[in-house]
Amino acid sequence: MLKKLLSFGLLMIAALLLQACNGTGTQTGETGRRGKFERVVGKQGGKVVHRVSSQPKSFNYLMADDEPTVIATVYLIGSRLAAFNHEKQEIEPALAESWEIADDGVTVTVKLREGIKFSDGRPITAEDAAFTLKCLYDERTKSPVFGPAFLVNGKQITANAVNERELRLTLPERVAAFTNFLDNLVVLPKHALEEALNSGKLAEAWKIDSDPASIVTSGPFMVERSVPGERVVLKRNPHYWRKDAAGNPLPYLDQLVIEVVPDANNAFSRLNLGEIDIFDRIRSTDYAALKNSDGPVQGFDLGPGLANDHFWFNLNPKNAAGEQLNDKPKYKWFADKRFRRAISHAVDRDSIATTTLQGLATPVYGFVPAGNRKWLDPELPAVPYDLR
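One structure accompanies this document, and this report is about it. (Residues numbered from 1 in each chain as written. Predicted model: local features only at pLDDT ≥ 70, side-chain atom pairs only at ≥ 80, totals over all residues. Heavy atoms only, no water.)

## What to know about the overall build of the chain
Here comes step 1: Within the chain, the secondary structure is distributed over eleven helices and 15 strands.
Here comes step 2: Across its three principal axes, the chain shows a C-alpha extent of roughly 65 × 60 × 40 Å.
Here comes step 3: Taking all 388 residues of the chain together, 41% fall into the buried category.
Here comes step 4: Surface accessibility of the chain: about 21400 Å² in total, with carbon and sulfur atoms responsible for 51%.
Here comes step 5: Averaging the coordinates of the 48 positive side-chain charges in the chain and doing the same for the 48 negative ones gives two points 3 Å apart. (Helix = DSSP H or I, 4+ residues; strand = E, 2+ residues; numbered from the N terminus. Buried < 20%, exposed > 50% of the residue type's maximum accessible area, 1.4 Å probe, protein only. Areas by Shrake-Rupley, 256 points an atom, 1.4 Å probe, with all protein chains shown as cover. Lys, Arg positive; Asp, Glu negative; His and termini not counted. Charge placed at Lys NZ, Arg CZ, Asp CG, Glu CD.)

Right under this line is the structure:
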């Protein structure tokens, strides 16, 4: 679930960057299946309104367990040690300028960028990163998603600040994709949250109706005001570390408004009226209406993304209570490859892609999404729709 949430958040941020940079887009290819965008140096200023169907629950990254809260806390007001680059499809440095894994495979030295700061002007240090891990593991806080995500086979990662810019992480054992941890670690300010941690009230910190002045951020934006149930208004963080190709500070936007519009029809109408700039979870019927529109809002299909829809078959031989399931009918079904193959043959991927989703889907025959250029195997055999 975490990967799916983060993938969407990254796509949303990419859209924001394209709009904020005033990039130009042109369709390429015979069908216009993919768009080609040129990234240019932009100008500071402006506002973007982004629609979500429900409000963020908190400004506290530790407590994020839903999509709007992850978008707000991880990508808009938060900054991580590393970040996924969708163009290159690889994780690259962010708050950290580099990292090195020792020969033992479990000791990692992370070096932070020089001169990085929180929104209040205080320096972001290795001590803040170590503090964040301590918060994630705090049993009183009970971080619902990111806490468990930082466990390695149920064991914690040890973090120590060597100096202001150097962080040493010790893993319980070797892991295949260590950089995923860096990509999910939003660095929190120790000076602003240590008292809440020590008092056991960290889970209550930075609620959606908290005083914006109390919320210290490391990301591109900081909280200007919040109207619960209606909108969250963010403003540019003047101390954000990232710059454009010309050395100008980012973000360009003066303001970003997260507008809560539960009804999708209302949201689509407001998109066409110019009241909303970014519409999350656009429906296939909405895209069909925009594809051939000659109005101010037009639809472009950029091709497959990094999310997919799939079935899970629970093959655990025991349930949570420790009861053996080997003799249960469902376990016998799921453990039988013939049953799983039959289910795969019963899914009419082509009809779902072409009719139900009006061409906005790509049939796949494994667990790797169609947009994953690094890992997708185009030679996987297709599974035809066959109910016989």
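## Structural notes on the sheet that holds strand E6 (residues 96–101)
Here comes step 1: Taken together, four strands build an open sheet; the order of strands is E6-E7-E11-E10 and the sheet is antiparallel. The outermost strands of the open sheet, each flanked by one partner alone, are E6 and strand E10 (158–161). Put simply, the sheet's adjacent strands are angled 20° from each other on average, direction ignored.
Here comes step 2: When strand E7 (residues 107–112) meets strand E11 (residues 166–170), the two strands line up antiparallel, connected through five bridges. (Pairing = 2+ DSSP bridges. Axes fitted to C-alpha atoms, helices over the stretch in contact; angles between N-to-C directions.)

## Some remarks on the packing of helix H7 (residues 264–272) against helix H8 (residues 284–291)
Here comes step 1: Axis separation between H7 and H8 bottoms out at 11 Å; the angle between their running directions is 20°. In this view, H7 runs roughly parallel relative to H8, as classed from their interaxial angle. The element H7 and its partner H8 pack so that their crossing is right-handed. Within the contact between the two elements, H7 uses Phe 268, Leu 271 and Asn 272 and H8 uses Asp 286, Ala 289 and Leu 290. (Parallel < 35°, antiparallel > 145°, perpendicular 65-115°, else oblique. Left-handed = near helix turned anticlockwise from the far one by under 90°. Contact = heavy atoms within 4.5 Å.)

## Remarks on the packing of aromatic side chains
Here comes step 1: For the structure shown, the criterion picks out nine aromatic pairs.
Here comes step 2: Taken together, the aromatic side chains of Phe 313, Trp 333, Phe 334 and Phe 339 make up a single cluster linked through ring pairs. (Phe/Tyr/Trp six-rings, centres within 6.5 Å; stacked < 30°, edge-to-face > 60°.)

## Some remarks on helix H3 (residues 126–137)
Here comes step 1: The first and last C-alpha atoms of H3 sit 17 Å apart over twelve residues, in line with the 16 Å expected at 1.5 Å per residue.
Here comes step 2: Extensive coverage of H3 is indicated by the burial of ten of its twelve residues.
Here comes step 3: When H3 is considered as a whole, its buried residues turn out to be Ala 126, Asp 128, Ala 129, Ala 130, Phe 131, Thr 132, Leu 133, Cys 135, Leu 136 and Tyr 137. (Expected span 1.5 Å × (residues − 1).)

## Side note on the environment of Pro 262
Here comes step 1: Inspection of the secondary structure assignment puts Pro 262 in the loop between strand E14 (255–260) and H7.
Here comes step 2: Pro 262 gets classed as exposed once you look at its relative accessible area, which sits at 60%.
Here comes step 3: Along the primary structure Pro 262 and Val 52 are separated by 210 residues, whereas in three dimensions their C-alpha atoms are 7.2 Å apart.
Here comes step 4: Each residue touching Pro 262, except ones within four places of it in the same chain, is listed here: Arg 51 and Ser 53.

## Digging into the sheet that holds strand E15 (residues 278–279)
As a general point, the strands of a sheet are linked pairwise by backbone hydrogen bonds and lie either parallel or antiparallel.
Here comes step 1: As summarised here, the arrangement of the five strands in space is E12-E13-E14-E3-E15, forming an open sheet in which the pairing is mixed. The strands lining the two open edges of the sheet, one partner per strand, are strand E12 (221–227) and E15.
Here comes step 2: Judged from the two bridges that link them, strand E3 (residues 47–52) and E15 form a sheet pairing that is parallel. Paired with Arg 51 across the two strands is Phe 279, which belongs to E15.

## A look at the pattern of salt bridges
A side chain of one charge can pair with a side chain of the opposite charge if their charged atoms are brought near each other.
Here comes step 1: Applying the stated rule across the entire model yields 21 salt bridges.
Here comes step 2: For Glu 90, the salt bridge goes to Lys 374, with nearest N and O atoms at 3.8 Å. Here Glu 90, found in strand E5 (residues 90–93), pairs with Lys 374, found in the segment after helix H11 (349–356); they are 284 residues apart in sequence, far enough to count as distant.
Here comes step 3: Judged by relative accessible area, which is 36%, Glu 90 ranks as partly exposed.
Here comes step 4: Lys 111 is the salt-bridge partner of Glu 97, the closest N and O atoms lying 3.9 Å from each other. Within this pair, whereas Glu 97 is found in strand E6, its partner Lys 111 is found in strand E7, the two being separated by 14 residues in sequence.
Here comes step 5: One salt-bridge network, in which partners are shared between bridges, spans Glu 230, Arg 231, Glu 259, Arg 270 and Glu 275. (Salt bridge = Lys/Arg side-chain N within 4 Å of Asp/Glu carboxyl O.)

## Quick look at a nonpolar patch on the surface
Here comes step 1: Taken together, the side chains of Ile 352, Leu 357 and Leu 360 define a hydrophobic patch exposed on the protein surface, amounting to about 200 Å² of accessible area.
Here comes step 2: Tracing the sequence through the fold places Leu 360 in the segment after H11.
Here comes step 3: Judged by relative accessible area, which is 31%, Leu 360 ranks as partly exposed. (Patch = residues over 30% accessible without salt bridge, like charges linked within 9 Å, V, L, I, M, F, W, Y side chains within 5 Å.)

## Observations concerning empty space enclosed by the protein
Here comes step 1: Enumeration over the complete set of coordinates arrives at three cavities of 30 Å³ or more.
Here comes step 2: Ile 77, Gly 78, Val 186, Leu 188 and Trp 206 are the residues nearest the centre of the largest cavity, which is lined by 13 residues in total.
Here comes step 3: Looking at the lining of the largest cavity residue by residue, the classes come out as eight nonpolar, five polar and no charged.
Here comes step 4: Lining the second largest cavity we find Leu 133, Phe 150, Ile 157, Leu 169, Phe 181, Leu 182 and Leu 185. (1 Å grid on protein atoms, 1.4 Å probe; cavity = no way out; pocket = protein on both sides within 12 Å on 5 of 7 lines; lining within 4 Å. Points joined across faces, edges and corners; volume = space filled by probe spheres on them. Nonpolar A, V, L, I, M, F, W, Y, C, P; charged D, E, K, R; others polar.)

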